[in-house]
Structure formats: C-alpha cells, structure tokens
Amino acid sequence: MDNLGKVMRVNLTEGTVKTEDLCEKTVREYIGGRGYGTKVLYDEVPKGTDPLSPENKLIFANGPLTGKAAPSAGRYMVITKSPLTGYIASSNSGGFWGAELARAGWFMIIFEGRSPKPVYLWIKDDKVEIRDAGAIWGKDGHEATDDLLAAVGDSQAKVVCIGTAGENLSHIAAIMNDKTRAAGRSGVGAVMGSKNLKGIVVRGSARPPVQDAEGMKAALASSMEKLKTNPVTSQGLPTYGTAVLVNVINQAGGYPMNNWQGAYFPEADEQSGETLARDFLIKRYSCFGCPIGCGRVTKLGEKIGEGPEYETIFAFGVCCGVAGLEPIIEANNICNELGLDTISAGVTIAAAMELYEKGYIKKEELEGGPELRFGSDEAVVYWTRKMGLGEGLGKKLAEGSYRLCEMYGHPEFSMTVKKQEMPAYDGRAIQGIGLNYATSNRGGCHVRGYTISPEILGLPEKLDPIDIESKPAWVSIFQNLTAAIDASGMCLFTSFALGADDYGAFLKAATGFDYDGTETLKAGERIWNIERLFNLREGLDPLKEDTLPDRLLKEPIPDGPSKGMVSRLGEMLPNYYKYRGWDEKGIPTAEKLAELGLN
C-alpha cells in the first residue's frame, strides 16, 4: 500500500505528528476518501461527541486515484461529525490541493484535539511542521492563502484554509482550497475553526505510482473516449458549466423559487449558464487532470473570481427571488473569501426573507441593513457578508436556516433535511431526487445520489421524473455508486459518461485489488451503510428524519409545468428500505450487515 501514501496523525493538543501505514483490509473494503475516512471516524469518535469539542476528529482523505492519471482525479474528502446536523459530514472538493497531498506521499491526515493557539500545518514531502498562525487568524481565506504561501516561501505550494466563518464556528462554514474550491457542506469549516487550525500548506515532489501502469493506461484510453463523446461532459459542462442546468430545470418545473413557495421562475434565463457565458465569463477552469473544465472564471466590474455554480445561482438567485447575475456573483465571491457554504447561505437568507415578510423578524433587528424581501439584490449581498463575519442578525443566519427558523418559532420555513439545506431541485417535480434528499446520510444533498441524471438528462437512460415505481432502486444504486466515486478520488461529473465497470478498472490498476463493477458498487453500499450506522448511533430516528419539509409533502406546486404536484415520498420510502435490505423502521438488518462485513 506504500504507493497510495501514508496516514498522518496530528494531535493539536500535544503538538505532535505521527506516521501510520494504511490498512490494506480497509482499502479493500472501503476504497479510500469518503469510505476510509468514515471507517476511521466510526471507530475512533465516541458516541455523543460534541462536534466542536477536541474529542471530535477532522479527517482529510484522498482516494487511491487522487493525483493519478485518471480523468478528473483531483478530489479529496473532509470527514468529521457535523455541527450542523449532528450526523456524518463528508464534504468533497476538487482543485489541486488533494493531488499535491498525494504528490507529497500522504493519503490521509487525521487531526485530533485542539491547539491552544491558532496554527497551520506545513507539509513538504515527508517533512511536517505545526506552525504559529496568530498573524493570519482573523483574515479571510484569500488573504490567508497569500500569507501562508509567503510564510513557507513557495508560491507553488497548495493551500487549504478557513475564513472568518470557520473561525467564528458558523454551522455552515466551508473549508476552502486554491481560494475558490470548497469542501462546502455540513459545517466542516466550523470543526476546523474549533481546533484553532487555520490552514494546511502542502508541497510535493513525487509522482504517485500505481500498481499496474498498463492497466491504468488502458482504463484511461477507454474512459476518455466515453467522456469525449458524451454530450454532457464534452459539450454542456465545458460550454456553460453547471449553470447549463438553469433553463433545463426551470423548464421541467423544478426550480425552487422564494424558499420553495414556487418551482418555476419566468426570469430564469437572466441567470442561466448562457447569460453567464455571454456577459461575465473570462475563461474555463479545470481542476487537476480534468478534461471537462466545468469551472467558470468570471469578471464583475474589476473583480475576477470563480463561479458561480448552478447551486449557487439557485441559492442566491431564484430561491431569494433574485433574477440578475450581478448580486449572485458578488455573494458567491463573498462566500469564497469568508468561507461559507453557498447553498446553505443562500437558502438561509431565503428563509429569513420569508420570516421577515410574514412579520416574525422585526425591522429593528436589521439594525439599518436592507430589508429581507424576496427579490432584493441588496439584501442578498449585504446579509451574506454579515453571515460570514458573524455580525448582528448575520450571526443568527450563520447557524443555518433550521436553527434560525426555530429561534423564531417557525421551523416549517426551513427547507432542510436533517437540518441541512436542500439544493436546487424541487422534489415535488422530480420524485427521485426528493427520495434521495430524504434518505441522504448527510442531510439535504443532491450529490449523494444524483438522479437528475436519469430523471432529467436521460443518462444512462431516461426516467419519467414523476414516476415513483422505479425510484427506490435507482436512488439506492446511485447512492452506492456515488459513495464509491467519492472514495476513489475521481469527480462525480465523470459518471455522466462512465459506469461502475470503468471505476473498477481504475481502482484495480491503482491498488492491485481485483475490483470490478460489482465489487465497486458493493464497496459503495458498505460505505453507505456504515454512514447509516454512525447516524443511528448518534440518535437518528429514521421514521421522523428520513423525510422532507411539509411544504414539499403537503403544498402542491402553485404554477408552471409541474403545477399541482407534491412529493410522494411516503409511497417510495418503504420500498427504498426494502431494496436496501433494511427493516421497516429504516435500520439495516443483521443479514445485510453480515453480508457487508459490518456485523
């Protein structure tokens, strides 16, 4: 396993760094990344641990393919116990930091304890130092990145860090790398802040080896041909980025508007990928080894930044009733600098707008700030910054929409699952994605089982978005495959063109283990189930929490192509449990656990 790298264990309380070997059995069963990291968290973090206490652990984990010659293989995962949900957090990011960590010879970093003062970690190949970050603490992520690179004297090093949101322990704080790429969801930035860890700087000099170089070449040649001929990976994403979905989802009547009070936005084209490309795009951005290049480098006034992605456009745009891209781009740039999850930030502002318009947030609480009204460009930008800085009402918003709405006695206005904000697809119009939200181990999330691919895009085959019969099986399979992809170090977007057999071929070449499509999916299923076990241990009540907001279950979409629809989750959930081999209460059976080696 030396070709995959070593495990670094950093005790921030004691100021020590230790090196450990990878466990071959764990790599074989959980692959790496999301899988290996979750196994460590499950084994080492006791039941009931406070997510912001020194006893919680913060794990940065590569996959066996991170930094290797597989397409879009620059991904890493951050795994911890979430302060937002109280359950598993495993956030994924791209860019170049993960690949640089692999080049330095490391597979995983496990942070334990809490430093008595602000620090950062400097990794140069096998040399590791814990250094003082007192002069950098309090700076935003962009300033901190520049200062950290200057401090180590190497402009080619790669930086992951938190901004002020993470320092302030915001429950929706992100961890940022390469300034604009985010491990965004579940409040992982707050856990990093709770440990007084400002950043990790890494510089590597080695090319990560593989077990079977010829096998890797063959897998690469086969997959590249598929990526080049797939319309999403060869045309849609490179041309318009993820924002290509704005008009597509709106035309399907599934584009959540005004905090999910509607699902069709007549002004959607004003914030579409086509408009973004025409008016603001400078060039494409590609993460490490990526042939797709879905990233957008944009210019607003004199400021150049990256993004916004489709989810960000939804969150600060249609969800807040805002049409134009200017305030969306500005809010996105603020999130990148201060370190906020754009989905949770925008959806929380939308919830605050509903609370304000219905009289629950009072005008005097705004302290002179712009009124929280749907359609207000000014409010979106202003309150995003206040959230990231933790100032005034922004401090309440920084806890996420569930806690905000609960403070005001109206949790029903929080569009969350397991206290995490849902992303940009309405589960009333697209039934499978609603089931995926409800059952996601990390709460409201689209990238844990992206059934938008078959339900809307027709890949790998077209499904009727309002049909429910086939969705339990499709959701389960997509969730298992996604878990394996996250564990591998490759990007989920490659799955528009690739299947389980393709990922199995790459994993076999990288590890030497006899992976194929079946074994890859089985590993994904094992990962999904150990995440479920972690959540159950932490108090998950499936019959109460595998659900959607009442708005999606009881309030029909008022207009547009999906007028009159509600989520039919109650009809799908029992069949989902059955397909997964769980009992009627949503708990994995002894037989299923034995099958997966989890008993």
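Predicted model, so just to flag it, every value in this text is computed and none were measured. Residue indices follow the written sequence of each chain, beginning from 1 at its first position. Confidence filtering applies because this is a predicted model: local features only for residues at pLDDT of at least 70, side-chain atom pairs given and counted only at 80 or more, and all residues used for totals across whole chains, interfaces and linings. To obtain the side-chain values, all non-hydrogen atoms of the structure were used and water was disregarded.

S.K.: Could you give an account of the environment of N436, with specific residues and numbers?
M.R.: Turning to its location among the elements, N436 is positioned in helix α17 (residues 431-439). Partly exposed residues are those whose accessible area sits between 20% and 50% of the maximum for their type, while under 20% is buried and over 50% is exposed, using a 1.4 Å probe and protein chains only. We classify N436 as buried; its relative accessible area is 0%. With near-sequence residues (within four places) excluded, N436 lies in contact with C445, H446, R448, G449, V475 and Q479. By the criteria applied, helices consist of DSSP H or I runs no shorter than four residues and strands consist of E runs no shorter than two, each listed in order from the N terminus. By definition in these notes, contact holds between two residues if any of their heavy atoms fall within 4.5 Å.

S.K.: Residues and numbers for the sheet that holds strand β11 (residues 181-183), please.
M.R.: When DSSP finds two or more bridges between two strands, those strands count as paired. If you walk across this open sheet you meet the six strands as β8-β7-β12-β9-β10-β11, and the pairing is mixed. A single partner strand is all that each edge strand has here, and the edge strands are β8 (127-132) and β11. Neighbour to neighbour, the strand axes of the sheet diverge by 20 degrees on average, direction disregarded. Relative to β8, strand β7 (residues 119-124) is paired through six bridges, and the arrangement is antiparallel. Residue pairing in the sheet places I123 in a bridge with V128 of β8. Here an axis means a line fitted to C-alpha atoms, over the contact stretch when the element is a helix, while the angle between two N-to-C directions is reported on a 0 to 180 degree scale. Where helix α4 (residues 141-152) meets the sheet, its contacts fall on β7, β8, β9 (158-161) and β12 (197-203), and the angle it forms with β9 comes to roughly 135 degrees.

S.K.: So what's going on with the side chain of S567? Residues and values would help.
M.R.: Structurally, S567 can be placed in the loop between α23 (550-554) and α24 (569-580). Polar contact criterion, stated in full: a pair of N or O atoms within 3.5 Å, where within protein one must be able to donate a hydrogen and the other to accept it, and residues adjacent in sequence count only if both atoms are side-chain atoms. In this structure the side chain of S567 is engaged in a polar contact, spanning 3.2 Å, whose partner is the backbone nitrogen of L569. Apart from the residues within four sequence positions on either side, S567 is in contact with G427, R428, Q431, L548, L552 and L553.

S.K.: Give a detailed account of the domain arrangement of the protein, specifying residues and quantitative values.
M.R.: The domain limits used here are those given by an automatic or database domain assignment. Looking at the assigned domains, one finds that the protein contains domain 1 (2-203), domain 2 (256-416) and domain 3 (421-595). Taken together, the contact pairs 33 residues of domain 1 with 28 residues of domain 2. Summed over both partners, the accessible surface that disappears when two parts come together, traced with a 1.4 Å probe, is what is meant by buried area. For the pair domain 1 and domain 2, the summed buried surface comes to about 2300 Å²; carbon and sulfur atoms form 52% of the total. Three residues stand out in domain 1 for area buried against domain 2, namely I172, R181 and R185, and they jointly supply 25% of the buried area on that side. By salt bridge we mean one thing: a side-chain nitrogen of Lys or Arg within 4 Å of a carboxyl oxygen of Asp or Glu. Counting every contact that joins domain 1 to domain 2 gives three salt bridges. Salt-bridge contacts for R181 lead to E306; the nearest nitrogen and oxygen are separated by 2.1 Å. The tally of links between domain 1 and domain 2 comes to 19 residue pairs in polar contact (both at pLDDT 80 or more). Of all the secondary structure elements, the ones that give two or more residues to the side of domain 1 that touches domain 2 are α4 and α5 (164-167).

S.K.: Go over the nonpolar core, please, and point to the residues and values.
M.R.: Counting residues in each nonpolar core, the largest one holds 89 residues, and the members touching the most others are Y255, F314, I349, I361, L372 and Y425. If one sorts the elements of this core by residue count, helix α13 (residues 342-357) sits on top with ten residues. Not counting the four nearest positions on each side in its chain, F314 is found in contact with Y255, P256, W260, C319, V347, M422, P423 and A424. Here the nonpolar core consists of buried residues drawn from Ala, Val, Leu, Ile, Met, Phe, Trp, Tyr and Cys, with membership extended through side-chain atoms lying within 4.5 Å.

S.K.: For unusual backbone geometry, give the residues involved together with the corresponding values.
M.R.: Omega for the bond connecting G307 with P308 falls within 30 degrees of zero, at 10 degrees, which places this linkage in the cis form. Relative to the elements of secondary structure, P308 occurs in the loop between β15 (303-306) and α11 (310-316).

S.K.: Pulling in residues and values, what's your account of the pairing of strand β6 (residues 106-112)?
M.R.: A large share of β6 lies buried, amounting to seven of its seven residues. Pairing of strand β1 (residues 6-11) with β6, which is carried by six bridges, proceeds in the parallel orientation. Within the sheet, the bridge partner assigned to R9 lies in β6 and is I110. Taken together, the four bridges between strand β3 (residues 58-62) and β6 define a ladder with antiparallel strand orientation. Bridging across to β6, L58 finds its partner in F111.

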